[in-house]
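# Structural features, examined
In case you want the letters, here they are:
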Amino acid sequence: MTRAEPNQISVVIPLFQKERHISAALDSVFTSCEKARCRYEIVVIDDGSTDGSCDVVLDWIAQTPDHNGIINLIRQKNTGAAGARNRGWKEASFERILFLDADDRWLPDHAGDILNLMDEFPDATLYADAWSEISHTGKPRQHVFGIGSENRGYLPCFFEAMCSGPMIASSSTSATRRKHLEASGGFPEGIAHGEDKVGWGRLALLGPMVWSPRIGAIWDKSADNRSDSGTSQPSCAFLDFLVGALENADLPNAMKSNIQVLVAVEQARMLGHISIYDHETPKEYRELPPPEGRGFHDRRRRALSPPTAMGNICHAAA
């Protein structure tokens, strides 16, 4: 395939207390990028680890001459996953940015598949492929993803997919371009849960998402020191982001409707009414009034600390 952009990528890996896992993550990136025959760098942001994670990265670099010169290891005081990801893409050398968590692994075809998607659909602002899972009990699992995920290409709507299946964009399968992260503001910092969902949602407001149903990564929920404890948690930050997005007067009607449904689904999850959702879930919630009305949103907005800067998101989307 003739590439419209230079065949080069920056892989951003936030690292915090993943001494047992980071070497396997780096091995998977090396294998995938070498198979894709692309020029690449791995930007590892050590977010204040105290368990020897940095030493493992340095040992990995020293293993073979093939590892020399491909890693940019940056150490910083702990700022959280969002801060580390933001530092990573800002320090990256290349326009195309791919993400991987330090306790997950890419499959060999992932980098090449994402590069092909980015070439075929250059107007998209978010790219991802499917992922399989090692559950918190150590068992392998595969998933049926949200509406539209059976096809390769433009996803009908990121927000509809998010309320009809597992995360359609994950922090180990997603990619974008630096210019889109600059426009969206990247990931909201100072938030314990849901910062990745907000980051992908910000990108989805800027333009279309492109998806491949081919599995590109293994999400290890049994790994050490996971912020989600191996389970998917509803997020005040993500709900606050969705409510703020609805305030954008230029939001397309179809997207607005899907965001309204996603708001209702996220509220239901927070209230304990549902724990999982599938392709039938949007239909069930589309005709229902939002639980507890606008006051629920306002309480969640006040409870979020620190608050997210929703005005920037809406202005960027306009």
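Structural data are supplied above this passage.
On a predicted model such as this, the values are computed, not experimentally measured, just so you know.

Right, let's talk about the overall build of the protein for a bit. When helices and strands are counted, the protein shows 12 helices and 10 strands. Sorting the 318 residues of the protein into buried and exposed places 56% on the buried side. Within the protein, contacts between residues at least 6 apart in sequence are counted, and of these 77% link residues at least 24 apart. Accessible surface for the protein amounts to roughly 13400 Å². Of this, 49% is attributable to carbon and sulfur atoms.

Turning our eyes to something else, we now look at the pairing of strand 10 (residues 209-220). For strand 10, the buried fraction is high: 9 of the 12 residues fall into the buried class. As defined by bridge partners, strand 5 (residues 105-106) adjoins strand 10 across 2 bridges and the pair is classed as antiparallel. In the strand pairing of strand 10, Trp-106 is matched with Ala-217. Pairing geometry for strand 6 (residues 126-134) and strand 10, over 9 bridges, is parallel. Bridge pairing links Ile-134 to Asp-220 in strand 10. Relative to strand 10, strand 8 (residues 153-154) runs antiparallel, the two sharing 2 bridges. Of the residues in strand 10, the one forming a bridge with Tyr-154 is Val-210.

Time to look at helix 4 (residues 110-120). Counting buried positions over the 11 residues of helix 4 gives 9, a clear majority of the element. Listing the buried residues of helix 4 in full gives His-110, Ala-111, Gly-112, Asp-113, Ile-114, Leu-115, Leu-117, Met-118 and Asp-119.

Now for the pattern of salt bridges. Summed over the entire model, instances satisfying the criterion amount to 11 salt bridges. Lys-18 is paired through a salt bridge with Asp-103; the nearest N and O atoms lie 2.8 Å apart. Here the residue Lys-18 occupies a position in the loop between strand 1 (8-15) and helix 1 (22-36), and Asp-103 occupies one in the loop between strand 4 (96-99) and strand 5, the gap between them amounting to 85 residues. Grouping residues by exposure puts Lys-18 and Asp-103 together as buried. The network of salt bridges with shared partners includes Lys-35, Asp-109, Asp-113 and Arg-214.

Quick look at the environment of Arg-286 now. Mapped onto the elements of the fold, Arg-286 is located in helix 10 (residues 281-286). Here Arg-286 falls in the partly exposed class, since its relative accessible area comes to 32%. Residues Arg-286 and Asn-258 lie 28 residues apart in sequence; the distance between their C-alpha atoms is 8.2 Å. Beyond its immediate stretch of four places on either side in the chain, Arg-286 contacts Glu-160, Ser-257, Asn-258 and Val-261. Within the structure, the side chain of Arg-286 is placed 2.8 Å from the side chain of Ser-257, a separation counted as a polar contact.

This paragraph deals with the environment of Ala-161. On the secondary structure map, Ala-161 appears in helix 5 (residues 158-162). Taking the C-alpha atoms as reference points, Ala-161 and Phe-145, separated by 16 residues in sequence, lie 7.4 Å from one another. In this structure, Ala-161 is in contact with Gly-146, Ile-147, Leu-155, Pro-166 and Ile-168, ignoring residues within four places of it in sequence.

Between helix 1 and helix 4, whose axes approach to 7 Å, the crossing angle comes to 50°. In terms of orientation, helix 1 lies oblique with respect to helix 4. On helix 4, the residues that touch Ser-32, Cys-33 and Ala-36 of helix 1 are His-110, Ala-111, Gly-112 and Leu-115.

Side-chain positions along a regular strand alternate between the two faces of the sheet. Of all the 8 residues making up strand 1, 7 are buried; the element is thus mostly covered by neighbouring parts of the structure. Pairing of strand 1 with strand 2 (residues 39-47) involves 8 bridges; the strand directions are parallel. Looking at the pairing, Leu-15 lines up with Asp-46 of strand 2. In this region the chain leaves strand 1, passes through helix 1 and returns to the parallel neighbour strand 2; the handedness of that crossover is right-handed. Sheet topology note: the strand 1/strand 4 ladder contains 4 bridges and is parallel. Bridge assignment links Ile-9 to a residue of strand 4, and that residue is Arg-96.

This brings us to the environment of Ile-97. Tracing the chain through its elements places Ile-97 in strand 4. Those residues in contact with Ile-97 that sit more than four places away from it in its chain are Ser-10, Val-12, Trp-89, Ala-92, Ser-174, Ala-175, Thr-176, Arg-178 and Leu-181.

Calculation criteria
- Residues numbered from 1 in each chain as written.
- Predicted model: local features only at pLDDT ≥ 70, side-chain atom pairs only at ≥ 80, totals over all residues.
- Heavy atoms only, no water.
- Helix = DSSP H or I, 4+ residues; strand = E, 2+ residues; numbered from the N terminus.
- Buried < 20%, exposed > 50% of the residue type's maximum accessible area, 1.4 Å probe, protein only.
- Contact = heavy atoms within 4.5 Å.
- Areas by Shrake-Rupley, 256 points an atom, 1.4 Å probe, with all protein chains shown as cover.
- Pairing = 2+ DSSP bridges.
- Salt bridge = Lys/Arg side-chain N within 4 Å of Asp/Glu carboxyl O.
- Polar contact = N/O pair within 3.5 Å; in protein donor to acceptor, adjacent residues only side chain to side chain.
- Axes fitted to C-alpha atoms, helices over the stretch in contact; angles between N-to-C directions.
- Parallel < 35°, antiparallel > 145°, perpendicular 65-115°, else oblique.
- Right-handed = clockwise from strand over helix to strand, strands pointing away.

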